[in-house]
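Take a look at the letters that make up each chain.
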Amino acid sequence: MADIAAPRRAASLAEVTPSLKKRRAAEARFKAYGIAAISVALFFLVALLSTVFYNGASAFQQTSIRLTVDLKQDVIDPQGRNTADAVMTGNVFRWGGLVDEALLSQLGIDPNDELLAADAQKLISGGARIYLRDYVAENLDQIGTKQEIWFLADGVVDAFMKGSISEETEESRRPIKDRQIAMLRQLEEAGALEKKFNTGLFTFGASSRAETAGVGAAMVGSMYMMLVVLALALPIGVAASIYLEEFAPKNRWTDLIEVNINNLAAVPSIVFGILGLAVFINFFGLPRSAALVGGLVLTLMTLPTIIIATRASLKAVPPSIREAALGVGASKMQAVFHHVLPLAMPGILTGTIIGLAQALGETAPLLMIGMVAFIADIPSGPTDPATALPVQIFMWANMAERAFVERTSAAIIVLLGFLLIMNVTAILLRKRFERRW
Amino acid sequence: MKDGDGALMGDTKVSATNVNVYYGEAHAIKDVSVEIGDKAVTAFIGPSGCGKSTFLRCINRMNDTIDICRVTGSILLEGEDINAKSVDPVQLRARVGMVFQKPNPFPKSIYDNVAYGPKIHGMATNKPDLDAIVESCLRKAALWDEVKDRLDKPGTGLSGGQQQRLCIARAIATSPEVLLMDEPCSALDPIATARVEELIDELRDSFAIVIVTHSMQQAARVSQKTAFFHLGVMVEYDDTDKIFTNPSDKRTQDYITGRFG
Ligand SMILES: Nc1ncnc2c1ncn2[C@@H]1O[C@H](COP(=O)(O)OP(=O)(O)OP(=O)(O)O)[C@@H](O)[C@H]1O
Ligand SMILES: [Mg+2]
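The rules behind each value
Residues numbered from 1 in each chain as written. Chains lettered and ligands numbered in written order. Predicted model: local features only at pLDDT ≥ 70, side-chain atom pairs only at ≥ 80, totals over all residues. Heavy atoms only, no water. Helix = DSSP H or I, 4+ residues; strand = E, 2+ residues; numbered from the N terminus. Rg over C-alpha atoms; globule rule 2.2 N^0.38 Å. Buried < 20%, exposed > 50% of the residue type's maximum accessible area, 1.4 Å probe, protein only. Contact = heavy atoms within 4.5 Å. Lys, Arg positive; Asp, Glu negative; His and termini not counted. Charge placed at Lys NZ, Arg CZ, Asp CG, Glu CD. Buried area = accessible area lost by both parts, 1.4 Å probe. Salt bridge = Lys/Arg side-chain N within 4 Å of Asp/Glu carboxyl O. Polar contact = N/O pair within 3.5 Å; in protein donor to acceptor, adjacent residues only side chain to side chain. Nonpolar A, V, L, I, M, F, W, Y, C, P; charged D, E, K, R; others polar. pLDDT = per-residue confidence, 0-100. Near = heavy atom within 4 Å. Areas by Shrake-Rupley, 256 points an atom, 1.4 Å probe, with all protein chains shown as cover. Core = buried A, V, L, I, M, F, W, Y, C linked by side-chain atoms within 4.5 Å. Domains from an automatic or database assignment.

Chemist: Run through the overall build of chain A, naming residues and quoting values.
Modeler: The helix and strand inventory of chain A stands at 18 helices and three strands. At 31 Å, chain A has a C-alpha radius of gyration far larger than the 22 Å of a compact globule built from 437 residues. Counting only C-alpha atoms, chain A reaches 115 × 60 × 40 Å along its principal axes. Across the 437 residues of chain A, 43% fall into the buried class. Put simply, of all contacts in chain A between residues at least 6 apart along the chain, 76% involve residues at least 24 apart. Positive and negative charge centroids in chain A, built from 39 and 39 side chains respectively, lie 16 Å apart.

Chemist: Just give me the short version of the interface of chain A and chain B, but keep the residues and values in it.
Modeler: Contact residues are listed per partner, giving 19 residues for chain A and 23 residues for chain B. Both sides of the chain A and chain B interface together cover about 1800 Å² of buried area, and 60% of this is carbon and sulfur. Between Arg57 of chain B and Glu323 of chain A there is a salt bridge whose closest N-O contact spans 2.8 Å. Our enumeration of links across chain A and chain B arrives at six residue pairs in polar contact (both at pLDDT 80 or more). No other element matches the seven residues that helix H14 (residues 319-327) of chain A contributes to the side of chain A that touches chain B. Looking at the side of chain A that touches chain B residue by residue, the class counts come to eight nonpolar, seven polar and four charged.

Chemist: Outline the confidence of the model for chain B, listing residues and values.
Modeler: All names here are of chain B. Considering every residue of chain B, the mean pLDDT works out to 88; 95% of them sit at 70 or more. Contacts of residues 1-8 to residues separated by more than four positions or lying in other chains number 17 contacts, the stretch itself having pLDDT below 50. The ipTM assigned to the predicted complex is 0.88, against a pTM of 0.82.

Chemist: Go over the site of ligand 1 with me, naming the residues and quoting the values.
Modeler: Residue and element names in this part refer to chain B. Neighbouring residues of ligand 1: 14 residues in total, closest Ser48, Lys52, Ser53, Thr54 and His214. Taking Ser48, its side chain carries an N or O atom lying 2.4 Å from an oxygen atom of ligand 1. Within the side chain of His214, an N or O atom sits 2.7 Å from an oxygen atom of ligand 1. Burial of ligand 1 by the protein chains amounts to 62% of its free accessible area of 630 Å². In terms of residue count, the dominant contributor to the shell around ligand 1 is helix H1 (residues 52-59) (three residues). Grouping the constituent residues of the shell around ligand 1 by class yields five nonpolar, seven polar and two charged.

Chemist: Please set out the nonpolar core residue by residue, giving values where relevant.
Modeler: Nonpolar side chains in soluble globular proteins generally cluster together in the buried interior. Membership of the largest hydrophobic core comes to 55 residues, with the highest contact counts inside it found for Met225, Met226, Val293, Leu298, Leu366 and Ile369 of chain A. Where this core is concerned, the elements lending two or more residues are helix H10 (216-247), helix H12 (269-283), helix H13 (291-316), helix H15 (332-360), helix H17 (389-397) and helix H18 (402-433) of chain A. Tyr111, Trp144, Val147 and Leu179 of chain B belong to the second-largest nonpolar core, a separate cluster that totals 45 residues.

Chemist: For unusual backbone geometry, give the residues involved together with the corresponding values.
Modeler: A positive phi angle, close to 50 degrees, is found at Asp31 of chain B, a residue other than glycine. As for its position among the elements, Asp31 of chain B is in strand S2 (residues 26-37).

Chemist: Give a detailed account of helix H3 (residues 110-120) of chain B, specifying residues and quantitative values.
Modeler: For H3 of chain B, the tally of buried residues reaches eight of eleven residues, placing the bulk of the element in the interior. Looking at the buried positions of H3 of chain B, the neighbouring elements they touch are H15 of chain A together with helix H4 (127-140), helix H5 (144-147) and helix H6 (160-172) of chain B. One or two steps after H3 of chain B, the chain reaches Gly122 of chain B, where phi turns positive at roughly 60 degrees.

Chemist: Talk me through the domain arrangement of chain A; I want residue IDs and the actual numbers.
Modeler: On domain assignment, one finds that chain A holds domain 1 (65-196) and domain 2 (216-433). The distance between the C-alpha centroids of domain 1 of chain A and domain 2 of chain A comes to 45 Å.

Chemist: Outline the environment of Pro385 of chain A, listing residues and values.
Modeler: Residues and elements named next belong to chain A. With respect to the element layout, Pro385 can be found in the loop between helix H16 (364-368) and H17. For Pro385, a relative accessible area of 47% corresponds to the partly exposed category. Through-space distance from the C-alpha of Pro385 to that of Leu292 is 9.4 Å; in sequence the pair is 93 residues apart. Apart from residues lying up to four places away in sequence, Pro385 is in contact with Ser289, Ile375 and Pro379.

Below, the structure written as structure tokens:
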């Protein structure tokens, strides 16, 4: 052993040799790079989240006006049948008349002063008459009485109340007139003007009127698509991975399949949209704009992610577990399903949820299959025309009105909220199923 | 039994003739023929990498699970060829149990570890029967007293030696006829080793046991027959006493006296 060169030693442990100095400097540099990288990433994250929240927070409140409406029997239902059917059919404009009447009497405006009356009418959302109709249809016993009802204010009023239209601006250059502002002050003093939590944001579909536009329809569309993706991609992906990982012989064909699956994960998503258009819509004749087709396309996109995650977690199960099971006389299938799969479960679930989260945020392929439509009604099934959250964001982002700008950010917040929930679920599931071996 | 007289032992349980094993191109076992007696302990000794584990794994066809592994030659279990097309390896492994070199309990409860084999083979239809099997196997493996209060705790939470005894309990729970043990004591302290050796001695009454060991003393203590492997060849196979006192091959002599390996 004498021929092994003895390391050159410092006289004392505390002595700082040049090589030690260099090593410490390198370490310090590396740490500094790391901290700098993380700081940059954090800065952008904070900047992104704060702009979104700054712009979007106000959309969770919406200005409403309280009116005392005289639900006149002879206007609503002259025949006195008082059924939901009678209420829902007939001239829609009768409802507008009731709302106007209530508004004008609340403000003390003479209905014959047409110019003033017209200005007053603009304070209330154009959707108010539909709202009143639906309200009466659900409260048939109130016909013939006077009721206090909160109506949505017009989008411009809402923007003014939220301070995005300034009173200082010259009257001719802002969409709200001085007299209208005076009316609002009057309503406010009477306690008939309030900002309330915007439930409509979560229940309405698309609308050209900002105050009645919401992500409700888009949320339901996204939910249907996620269900389709979960129902198809999870079983297909897990079955494919189990076969490839545990049963398939390792040869050139399985290698080829593996390479292709990995490549599939990198295919741009819009290509899947074109594929979906060609196969599901043109060839199989499935309905356009339907959540079912969107779900199928997203399934194709999500499959590689799930397969790769599942295979990785199957690989991570130590072979000794398989040997142990085979050793006591379990069949291969029993070994996989009783022992390997439960151990791989946390990884599979995490991969699935990450795949779902990707699919939830995907826009491009949905545009290709026509899910960019104006969907006002909440779809009642996966074959109904539907839209999705990110597509809704995309459509709203093209609108210039201030009210839509805030809704765009609000929809982003909703989408981020869902992604957060999914990621937390993934973490909880992993914690719950995690086991030592 | 330890009278060194092979003829007094039980009948031949496993008989292997001209077994060759290839890992791809590598020839790991070369023309090994051996007769393993029933109700006796047979020890395989030899330097590391000589093919003891490989040969052991031929007996319950565990090598089937390795893609590149190819086995030729005939291995008969009570006269039946285990490599025949009609033989289901799963059926075979229920009759030929195995304890692995490294303890590998399932990451399930202690109870489930032992109960798993009997359950999948339908050996117990109700809970009391299963409970009885679990208790008796854990007792045989000298583990019952240590774990009887925590049967529902994970088997992976036991110490290494306890895990190995749990694996032994799991292996005997399916009542195999042949028990293959690949260095069962390599992770155990001397006390646990002594327990396992006692256990092997007891189990000998009911099973044919094949044990791979690196400890010459252990082979001498527990086995009636010993086979010495070297570089994939079975150099010598004889009564344990003969191998350790008067080996006929020079290489065996060198190995047991510690000159190589
Ligand atoms: N899965 C495998 N693939 C390829 N070669 C293998 C494999 N398993 C074992 N071998 C080779 O076969 C030969 C015998 O290995 P084996 O594991 O049987 O040795 P061993 O006698 O059990 O050694 P040890 O005492 O160290 O456990 C070795 O040369 C080894 O490299
Ligand atoms: Mg070995």
